[in-house]
Amino acid sequence: MAENLVEVNNLKKHFTIGDGLVLKAVDGVSFTIQKGETLGLVGESGCGKSTLGRTLIRIYDRNDGEVLFKGKNVHTLSRKEGRQFNRDVQMIFQDPQASLNPRMIVGEIIAEGLDIHSLYQQNRAERVAELLELVGLRPEHAKRFPHEFSGGQRQRIGIARALAVDPEFIIADEPISALDVSIQAQIVNLLEDLQKEKGLTYLFIAHDLSMVKHISNRIGVMYLGKIVELAESIELYDKPLHPYTQALLSAIPIPDPMVKKERIVLRGELPSPANLPSGCRFQTRCPHATEQCRAVEPEWKEAQPGHWVACHLY
Ligand code: SF4
């Protein structure tokens, strides 16, 4: 059986936002990620997926639950263990423009992690050149500033920075959402090649199911702070169980004029995570909602082997 690199148990991250209101950004989430796997995580903006990523990497402390990395609780690590964790787990951000310091040249940006962790100090420049080539840029790019690059190239710099310290697990938080469609596939292909070459494990966060299809082994669908469905990628696309997943999939255009697909249009806006509906969180928009759905929160259960869902229909 494959080894779990990451294990998340009933994780909660809530924010107090004044007037006694509590925003339940992540509200009881459990899943595992196996070594070498890519887990896609999808949901509309505001569903808590970025907060989840940031809580996994300890940018945020958690309110409840636990995150285990290689079997150790990441929120209770010793100082020494924490330093190693900060090397082993890296993040790639959505907006490469905002995540790269505009006053630093690219070589210094990439080498920051090397200096913090005292790595490759004898051959620092060679290491930076090697990383630039690894992500499809040229060694001489090290002397330029971020604004001298295109959006796709800046994301390559962000990837080189993440790889500098030889991580095992990368949280990619919407790494292609800010890029032109023509560039998105190049970045996904690069991430896939790097995964094969270096045995990396990914959590790939996106707001759209079409973006995670090819890169993910399994996909989790998040809605208002909870994962509502999780399955192998092919299974999720072919046999989605949760009405929310079915609606998300129906919105993806099929590039074949002969195939007609009925789009499921969701009524209403995403409710606020500070004012959650009773019962099932999706009941205000679900075309199948019943009295039971309005009163009782559905359990998270394995409806078919490896296919998990939270819905009273199963
Ligand atoms: Fe819809 Fe009810 Fe299932 Fe929620 S539990 S998704 S409201 S059918």
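Residues numbered from 1 in each chain as written. Predicted model: local features only at pLDDT ≥ 70, side-chain atom pairs only at ≥ 80, totals over all residues. Heavy atoms only, no water.

J.: Is there a simple way to explain the packing of helix H6 (residues 151–163) against helix H7 (residues 181–198) in this structure?
T.: Think of two packed helices as two axes; the pair is described by the angle between the axes and how far apart they sit. Running from N to C, H6 and H7 point in directions that differ by 20 degrees, and their axes come no closer than 10 Å. With respect to H7, the axis of H6 lies roughly parallel. Between H6 and H7 lies a crossing whose hand is right-handed. When H6 is examined against H7, the residues Gly 152, Gln 155, Arg 156, Ile 159 and Leu 163 are found in contact with a partner set consisting of Ile 183, Gln 186, Ile 187, Leu 190, Leu 191 and Leu 194. Class assignment of the residues belonging to the contact of H6 with H7 gives a composition of 7 nonpolar, 3 polar and 1 charged. (Axes fitted to C-alpha atoms, helices over the stretch in contact; angles between N-to-C directions. Helix = DSSP H or I, 4+ residues; strand = E, 2+ residues; numbered from the N terminus. Parallel < 35°, antiparallel > 145°, perpendicular 65-115°, else oblique. Left-handed = near helix turned anticlockwise from the far one by under 90°. Contact = heavy atoms within 4.5 Å. Nonpolar A, V, L, I, M, F, W, Y, C, P; charged D, E, K, R; others polar.)

J.: Honestly, the packing of aromatic side chains in this entry has me stumped. Any pointers?
T.: The geometry of two aromatic rings is summed up by the distance between their centres and the angle between their planes. A complete count under the given rule lists 7 aromatic pairs for this structure. With centroids separated by 5.3 Å and ring planes inclined at 80 degrees, the aromatic side chains of Phe 15 and Tyr 60 adopt a geometry described as edge-to-face. Placement of the pair is Phe 15 in strand S1 (residues 4–16) and Tyr 60 in the loop between helix H1 (49–56) and strand S4 (64–69), with a sequence separation of 45 residues. Given the relative accessible area of 25%, Phe 15 is considered partly exposed. (Phe/Tyr/Trp six-rings, centres within 6.5 Å; stacked < 30°, edge-to-face > 60°. Buried < 20%, exposed > 50% of the residue type's maximum accessible area, 1.4 Å probe, protein only.)

J.: What is the right way to read empty space enclosed by the protein from this model?
T.: Over the atoms, a rolled probe matching the size of one water molecule traces out where space is still vacant. Scanning the model with the defined rule gives 2 cavities of 30 Å³ or more in all. Looking at the largest cavity, its volume works out to about 90 Å³. Every residue along the wall of the largest cavity is listed here: His 242, Pro 243, Cys 280, Phe 282, Cys 286, His 288, Ala 289, Cys 293, Ala 310, Cys 311, His 312 and Leu 313. Looking at side-chain class alone, the lining of the largest cavity contains 9 nonpolar, 3 polar and no charged residues. Considered as a void within the structure, the second largest cavity measures approximately 30 Å³ in volume. Lining the second largest cavity are Val 6, Leu 56, Val 67, Phe 69, Val 74, Phe 85, Val 89, Phe 169 and Ile 171. Listing elements by their share of the lining of the second largest cavity, those giving two or more residues are S4 and strand S7 (169–173). Of the residues assigned to the lining of the second largest cavity, the class counts are 9 nonpolar, no polar and no charged. (1 Å grid on protein atoms, 1.4 Å probe; cavity = no way out; pocket = protein on both sides within 12 Å on 5 of 7 lines; lining within 4 Å. Points joined across faces, edges and corners; volume = space filled by probe spheres on them.)

J.: How should the sheet that holds strand S2 (residues 22–34) be read in this particular structure?
T.: Sheet strands pair via backbone hydrogen bonds, and the direction of the pair is either parallel or antiparallel. Spatially, the 4 strands line up as an open sheet ordered S2-S1-S4-S5, and their pairing is antiparallel. The open sheet terminates on both sides in strands that have one partner only, identified here as S2 and strand S5 (72–73). Bridge count for S1 against S2 is 10 bridges, and the pairing is antiparallel. Its bridge partner lying in S2, His 14 is registered against Lys 24. Sheet contacts for H1: S1, S2 and S4; angle to S1, the most-contacted strand, approximately 115 degrees. (Pairing = 2+ DSSP bridges.)

J.: How should helix H5 (residues 124–134) be read in this particular structure?
T.: Count 3.6 residues to each turn of an α-helix, and residues three or four apart come out pointing the same way. Within H5 the residues assigned to the buried category are Arg 127, Val 128, Ala 129, Leu 131 and Leu 132. In this fold, the buried residues of H5 make contact with helix H4 (106–116) and H6. Looking one or two residues past H5, Gly 136 carries a phi angle of roughly 85 degrees, positive in sign.

J.: Would you explain the pairing of strand S8 (residues 201–206) in this entry?
T.: Every other side chain in a regular strand lies on the same face of the sheet, so the side chains alternate between the two faces. Burial analysis of S8 places 6 of its 6 residues in the buried class, which makes it a mostly covered element. Residue alternation in S8 divides its side chains into two sets, Thr 201, Leu 203 and Ile 205 and Tyr 202, Phe 204 and Ala 206, and both sets are buried. Sheet topology places strand S3 (residues 38–42) next to S8; 5 bridges connect them, and they run parallel. When the sheet's bridge partners are listed, Gly 40 is paired in S8 with Phe 204.

J.: It is not clear to me how the packing of H4 against H6 should be interpreted in this structure. Could you clarify?
T.: In the contact formed by H4 and H6, the axes pass within 7 Å of each other and the chain directions differ by 30 degrees. Taken as axis vectors, H4 and H6 run roughly parallel relative to one another. In the packing of H4 onto H6, the handedness of the crossing is right-handed. Counted together, Val 106, Ile 109 and Ile 110 of H4 and Ile 157, Ala 160 and Arg 161 of H6 form the full contact between these two elements. Looking at the contact of H4 with H6, its residues break down into 5 nonpolar, no polar and 1 charged.

J.: It is not clear to me how the pairing of S4 should be interpreted in this structure. Could you clarify?
T.: When S1 meets S4, the two strands line up antiparallel, connected through 5 bridges. Pairing of Lys 12 across the sheet is with Asp 64, part of S4. As paired strands, S4 and S5 are joined by 2 bridges and run antiparallel to one another. Bridged to Leu 68 within S5 is Asn 73. As consecutive antiparallel partners, S4 and S5 are separated by 2 residues, and within that stretch Lys 70 has a phi angle of approximately 50 degrees, a positive value.

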